[in-house]
Amino acid sequence: MDKRTLLAIVLSLAVLFTYQIFFAKPPAPPKAVPVQESKQIKETATAKQPVPSPVATAPKPAVKKAVSLKEEPPRDITVETEHYAAVFSTRGAALKSFQLKNYRKECTKCVGDIWPAIKNFVTGKKQPAKGKSNDLIEVVSLQENMPYPLALTFPESSSEISADSVFSADVAGLDLTKNKNKQSLVFSRTFHDIRVDKIYTFNADNYSIALDVKISNLTDAPVTKIPYLNWYEYVDPREQVDGYSKEGPVAYVSKSIERRKSADVSKEETIGPDVSWGGFERKYFMAVIIPQDPSLTSVNMSRENNVVSVNLKGAKNIIPPEQSGSFKYNLFIGPKDYAMLKKHGLSLEEAIEFDSVIPGLKWLSIGLLLFIKFLYQFVGNYGVAIVVLTILIKILFWPLGNISYKSMKEMQKIQPKITALREKYKNDQAKLGQETMALYKAHKVNPFGGCLPILIQIPVFIGLYNTLLYAIELRHSPFFWWIQDLSAKDPYYITPIVMGATQFIQQKMTPTMGDPMQAKIMLAMPIIFTFIFLNFPSGLVIYWLVNNIISIGQQIYINKKLVD
């Protein structure tokens, strides 16, 4: 491997390393919520708490007195499927909890990182070991007294409905684990001018939920309603956020993804119309609202007191007297599984950040993911699938590798002549360039021949980097022994060190060209590579390690063949 080849690798790895160090840091923790501010949220949300009125007429003094009556206490309704356990509340007819049964917060089989132990040994301080959590992933993040996600409001019209309005529910709970048929949960409440029915329909076999909102006009005059379906998310300032995760509001607007980090959300920002979907995302999971009519829908993003709000504003609906209007939505609350999201046909898969480093290579990341999943069907282990992928890529580029090593050997043969030319024309760079190119041509040597194979593999490397970071299929996927999560770094740093050793062997086998000082600098490159790879996903390190081992074998084969 010549100087240009290693420089090409280092430059591309420097992009990843720079991104990881300078751009992928967790956002600065926002200020904690003072207790006084927390109470203000409650006071604002509960400012109006009306009581159902049986009379379908305009408000009268008697109605205003009824508003001051105490609301019925809210109650919870549990909905359970094989995929999730959801808790809805009659307060706001909204979502209180949504736990994903097939995903856990931490890799329970993973060993702990060895770095804290080393740190304790060096400093002499003993830190208590952090136990592994067996908790399920919770999509809903709440703080006491804040409104619940999926609350419906009409802030642009005179209405008593608020995020704190208590509805009635038609069932005490739903169980779709045994009965696989679609089932519905209906919340209802009558206000002074309208009756609101929120109908959630659940599927047992996926993470999609249909939401139909029916507004009945109880007056003898038209009423105008502009719905806001809201997703509220509490952002805990103490929570450690993954540096690679852009946790925050997300929306698909005019066939383009719009996302914000929670820390970057301003007081209020409106995007749209032409909103296909919008909601809140994390690295591997998301909750999004899909409106019936994107062309008439816009999305508002705001943040106050560590509560991020994503509000989908619908079209104006004028409801004639004693008639009904409806607003229809679909909800997706679950994992960012590419194949699953792709089936919806709504570009939900755009939420996966396969283009986090180089946008133009998104197609390659997706292709690698699909091929790794294809191999997984046969080998049953994603780590083995990555090894097989590496071997297949190496076989594909084997002829280019042979050309590369032969080119480096030829370059080594003419190196004395190149050194002589440098000495002869050291004061005439133009002439030196002409004579050097003539020498290459006479000996039929391509000085860039050694770089071509590695330049081709760099896009594969970056594509696989994105795949391993953001594909939920590889999250908590084991390989063997101590490597139980291919998307996380090697906790014992064994594979990066072994990879560095193979890089050193490769460097020692590579014909030396240039002055001795350059040769010494190139020998230091394996050490740099090792440090760069320490915090890379272990699946990526395994790919590069296997690639190095095969390259060493190929280089031995070519060297022996040239000698014979």
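Anything mentioned here points back to the structure above.
Residues numbered from 1 in each chain as written. Predicted model: local features only at pLDDT ≥ 70, side-chain atom pairs only at ≥ 80, totals over all residues. Heavy atoms only, no water.

Visitor: Just to check I follow, could you spell out the packing of helix α9 (residues 415–424) against helix α10 (residues 429–442) for this structure?
Guide: Two numbers describe a pair of packed helices, the interaxial angle and the distance between the axes. One way to put it is that α9 packs onto α10 with a least axis distance of 10 Å and a crossing angle of 165°. The angle between the axes of α9 and α10 places the two elements in the roughly antiparallel class. In terms of crossing hand, the pair formed by α9 and α10 is right-handed. Along its contact with α9, which presents Lys 417, Ile 418, Leu 421 and Arg 422, the element α10 presents Leu 432, Glu 435, Thr 436, Leu 439 and Tyr 440. When the residues that make up the contact of α9 with α10 are grouped by side-chain class, the tally is 5 nonpolar, 1 polar and 3 charged. (Axes fitted to C-alpha atoms, helices over the stretch in contact; angles between N-to-C directions. Helix = DSSP H or I, 4+ residues; strand = E, 2+ residues; numbered from the N terminus. Parallel < 35°, antiparallel > 145°, perpendicular 65-115°, else oblique. Left-handed = near helix turned anticlockwise from the far one by under 90°. Contact = heavy atoms within 4.5 Å. Nonpolar A, V, L, I, M, F, W, Y, C, P; charged D, E, K, R; others polar.)

Visitor: Sorry, what's going on with a nonpolar patch on the surface here?
Guide: Nonpolar side chains collect at one region of the surface, where Phe 371, Phe 374, Phe 378, Val 379, Val 384, Ile 391, Leu 392 and Ile 395 lie side by side and expose about 690 Å² of accessible area between them. Elements represented by at least two residues in the nonpolar patch include exactly α6 (362–379) and α7 (382–396). Inspection of the secondary structure assignment puts Ile 395 in helix α7. (Patch = residues over 30% accessible without salt bridge, like charges linked within 9 Å, V, L, I, M, F, W, Y side chains within 5 Å. Areas by Shrake-Rupley, 256 points an atom, 1.4 Å probe, with all protein chains shown as cover. Salt bridge = Lys/Arg side-chain N within 4 Å of Asp/Glu carboxyl O.)

Visitor: Sorry, what's going on with the nonpolar core here?
Guide: By size, the foremost hydrophobic cluster in this structure holds 114 residues, and its most contacted members are Phe 98, Leu 185, Tyr 200 and Phe 202. Setting aside residues no more than four positions away along its own chain, Phe 202 makes contact with Val 79, Tyr 84, Phe 88, Leu 174, Leu 176, Lys 182, Gln 183, Leu 185 and Ile 209. Core analysis: the second largest hydrophobic core is formed by 9 residues, Met 411, Ile 418, Tyr 425 and Leu 432 among them. (Core = buried A, V, L, I, M, F, W, Y, C linked by side-chain atoms within 4.5 Å. Buried < 20%, exposed > 50% of the residue type's maximum accessible area, 1.4 Å probe, protein only.)

Visitor: Please explain the side chain of Thr 467 as it appears in this structure.
Guide: Along the chain, Thr 467 turns up in helix α11 (residues 452–470). Reaching out from Thr 467, the side chain makes a polar contact with the backbone oxygen of Gly 463 at a distance of 2.9 Å. With near-sequence residues (within four places) excluded, Thr 467 lies in contact with Phe 354, Ser 365, Leu 368, Leu 369 and Leu 474. (Polar contact = N/O pair within 3.5 Å; in protein donor to acceptor, adjacent residues only side chain to side chain.)

Visitor: Would you mind showing me how to read the packing of aromatic side chains here?
Guide: Under the definition given, this model contains 26 aromatic pairs. On the numbers, 5.6 Å between centres and 70° between planes, the contact of Phe 88 with Phe 202 is edge-to-face. Here Phe 202 lies in strand β9 (residues 194–202) and Phe 88 lies in strand β2 (residues 84–89), a separation of 114 residues in the sequence. Accessibility classification places Phe 88 together with Phe 202 in one group, the buried group. With centroids separated by 5.4 Å and ring planes inclined at 75°, the aromatic side chains of Tyr 103 and Phe 285 adopt a geometry described as edge-to-face. Here Tyr 103 is found in strand β3 (residues 94–104), whereas its partner Phe 285 is found in strand β17 (residues 285–291), with 182 residues between them in sequence. Each member of the pair Tyr 103 and Phe 285 is classed as buried. Grouping aromatic residues by their ring pairs yields a cluster made of Phe 461, Tyr 465, Phe 529, Phe 533, Phe 536, Tyr 543 and Trp 544. The ring centre of Tyr 148 lies 4.4 Å from the NZ or CZ of Arg 91, which sits over that ring. (Phe/Tyr/Trp six-rings, centres within 6.5 Å; stacked < 30°, edge-to-face > 60°. Lys NZ or Arg CZ within 6 Å of the ring centre and 35° of its normal.)

Visitor: Before we go on, may I ask you to explain helix α12 (residues 494–509) in this structure?
Guide: An α-helix turns once every 3.6 residues. As a result, residues three or four positions apart point the same way. Between its terminal C-alpha atoms α12 stretches 23 Å, which fits the 22 Å expected from 16 residues at 1.5 Å a residue. Among the residues making up α12, those that are buried are Thr 495, Pro 496, Met 499, Gly 500, Thr 502, Gln 503, Gln 506 and Gln 507. One face of α12 carries all of its buried residues, which in axial projection span an arc of 165°. In α12, the exposed positions angled more than 90 degrees off the buried face are occupied by Ile 497 and Lys 508. (Expected span 1.5 Å × (residues − 1). Arc of directions from axis to C-beta.)

Visitor: Can you walk me through the sheet that holds strand β6 (residues 168–169) in this structure?
Guide: Strand order across the open sheet formed by 9 strands is β6-β8-β9-β10-β21-β17-β16-β13-β14, with antiparallel pairing between neighbours. At either end of the open sheet lies a strand with only one pairing partner, and these are β6 and β14 (256–259). Pairing analysis gives 9 bridges linking β9 to strand β10 (residues 208–217), with the strands arranged antiparallel. Bridge pairing links Val 196 to Ile 215 in β10. (Pairing = 2+ DSSP bridges.)

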